[in-house]
Amino acid sequence: MKRLKVLLFFPTQKHSATPSAIKTILTEAGSYPPLSLLHLATAVRRQGRHDIMIVDALAGNYGPKEIENAIREHKPDIVGATLVTDFLKDGYDVLRIAKKVSPDIITMAGGPQVILYPNDTARLKDIDYVFYGEGDEAFPVVLDVIADGKNPDDLPFIITREN
């Protein structure tokens, strides 16, 4: 089994569909660590079969250049991003940049956008796999399948353009 390098992004929130409301929330409540990605990383690290890192682009105020630099620096096999419907452009930009850096990088999307619009999200050009559902137990399985050189299309929590 190949040891995969996985880079997960919590994207910025610069391109909101409702900018005034989001600005108020972020200003008054602040931002918090990306707990969903921390749960995924913890599950993967417990197994010890793959390397995983989280980039909190919101906390780091990353723009496209910083995202590209992080991907080039870490040389991941897989780049994943949390997609939030209100900030879809920001999350999708991460995956587009990953494919620009290397078309061989496998891209994965998860998050609220995927739960609301799984098939629409899967049809987006630069997304290889949409991860649907709770990932603590399932995400390490997906990584193992990919590491074994198999196609995860048949897993119940993976959606692609083809399925």
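Only a predicted model underlies this, so the values are computations on that prediction, with no experimental measurement involved.

Calculation rules
- Within every chain, residues take consecutive numbers counted from 1 along the sequence as written.
- Given that this is a predicted model, residues contribute local features only at a pLDDT of at least 70 and side-chain atom pairs are listed and counted only at 80 or more, while totals for whole chains, interfaces and linings are drawn from all residues.
- Values shown for side chains rest on all heavy atoms present in the structure; no hydrogens or waters enter the calculation.
- Numbering goes from the N terminus for both helices and strands, where a helix is a DSSP run of H or I of at least four residues and a strand is a run of E of at least two.
- For the radius of gyration, the atom set is restricted to C-alpha positions; the globular benchmark scales as 2.2 Å times the number of residues to the power 0.38.
- Should any heavy atoms of two residues lie within 4.5 Å, those residues are counted as being in contact.
- Counted as positive: Lys and Arg. Counted as negative: Asp and Glu, with His and the chain ends omitted from the count.
- The location of each charge is read from NZ of Lys, CZ of Arg, CG of Asp or CD of Glu.
- Any Phe, Tyr or Trp ring, taking Trp's six-membered ring, that has another such ring centre within 6.5 Å forms a pair; planes under 30 degrees apart are called stacked, those over 60 apart edge-to-face, and the others tilted.
- Using a 1.4 Å probe on the protein chains alone, a residue whose accessible area is under 20% of its type maximum counts as buried, one over 50% counts as exposed, and one in between counts as partly exposed.
- The definitions used throughout rest on a 1 Å grid laid over the protein atoms alone, on which a cavity is an enclosed set of points accommodating a 1.4 Å probe that cannot get out and a pocket is an open set flanked by protein within 12 Å on both sides along at least five of seven lines; lining residues are those having an atom within 4 Å of a point.
- Grid points are joined across faces, edges and corners, and a volume is the space filled by probe spheres set on the points.
- Here the nonpolar group is Ala, Val, Leu, Ile, Met, Phe, Trp, Tyr, Cys and Pro; Asp, Glu, Lys and Arg are the charged ones; every other residue, Gly included, is treated as polar.
- Buried Ala, Val, Leu, Ile, Met, Phe, Trp, Tyr and Cys residues form a nonpolar core when they are joined through side-chain atoms within 4.5 Å.
- Here a strand pair is declared whenever DSSP counts at least two bridges between the two strands.
- To obtain each axis, a line is fitted to C-alpha atoms, and for helices this fit is confined to the stretch in contact; angles are then taken between N-to-C directions over 0 to 180 degrees.

A. Here's a closer look at the overall build of the protein chain. A tally of helices and strands in the protein chain yields seven helices and six strands. Against the 2.2 N^0.38 benchmark of 15 Å for 163 residues, the protein chain shows a C-alpha radius of gyration of 15 Å, consistent with a compact globule. C-alpha atoms of the protein chain, sized along the principal axes, occupy 45 × 30 × 30 Å. Relative to all contacts within the protein chain whose residues are 6 or more apart in sequence, the contacts with residues 24 or more apart total 71%. Charge separation in the protein chain, taken as the distance between the mean sites of 19 positive and 22 negative side-chain charges, equals 6 Å.

B. A look at the packing of aromatic side chains. Applying the stated criterion across every chain yields a total of two aromatic pairs. Taken together, a centroid distance of 5.7 Å and an interplanar angle of 85 degrees make the contact between Phe-131 and Phe-139 edge-to-face. Phe-139 shares its class with Phe-131; the two are buried. Relative to Phe-157, the ring of Phe-131 lies with its centre 5.7 Å away and its plane at 45 degrees, an arrangement referred to as tilted. In this pair, Phe-131 is assigned in strand S5 (residues 129-131) and Phe-157 in the loop between helix H7 (138-147) and strand S6 (158-159), connecting sequence segments 26 residues apart. Of the two residues, Phe-131 and Phe-157, both sit in the buried class. Ring pairing ties together the aromatic residues Phe-131, Phe-139 and Phe-157, which thus form one cluster.

C. Structural context of empty space enclosed by the protein. Applying the stated criterion across every chain, the model contains one cavity of 30 Å³ or more. Put simply, the largest cavity is a space of about 30 Å³. In the lining of the largest cavity, the residues fall into five nonpolar, three polar and no charged.

D. Highlighting the nonpolar core. Core analysis: the largest hydrophobic core is formed by 24 residues, its most contacted members being Val-6, Phe-139, Val-142 and Ile-158. Elements with a minimum of two residues in this core: strand S1 (5-10), helix H2 (35-47), S5 and H7. Of all the elements, H7 adds the most residues to this core, at seven residues. The residues contacting Val-142, other than those within four sequence positions of it, are Met-108, Phe-131, Pro-152, Leu-155, Phe-157 and Ile-158.

E. Molecular detail of unusual backbone geometry. With a phi angle near 50 degrees, Asn-61 is a residue other than glycine that sits in the positive phi range. Here Asn-61 falls in the exposed class, since its relative accessible area comes to 54%. For Lys-75, which is not glycine, the phi dihedral falls at a positive 50 degrees. Within the fold, Lys-75 resides in the loop between helix H3 (64-74) and strand S3 (78-82). According to the relative accessible area criterion, Lys-75 is exposed, its value standing at 58%.

F. Summary view of the sheet that holds S1. The sheet built from six strands is open, its strands ordered S2-S1-S3-S4-S5-S6 with mixed pairing. For this open sheet the edge positions go to strand S2 (51-56) and S6, each flanked by a neighbour on one side alone. Both S3 and strand S4 (residues 106-110) contribute to a ladder of five bridges, which runs parallel. By the bridge assignment, Ile-78 is partnered in S4 with Ile-106. Sheet contacts for H3: S1, S2 and S3; angle to S1, the most-contacted strand, approximately 165 degrees. The strands touched by helix H4 (residues 88-101) within the sheet are S1, S3 and S4, with S3 carrying the most contacts at an inclination of about 170 degrees.

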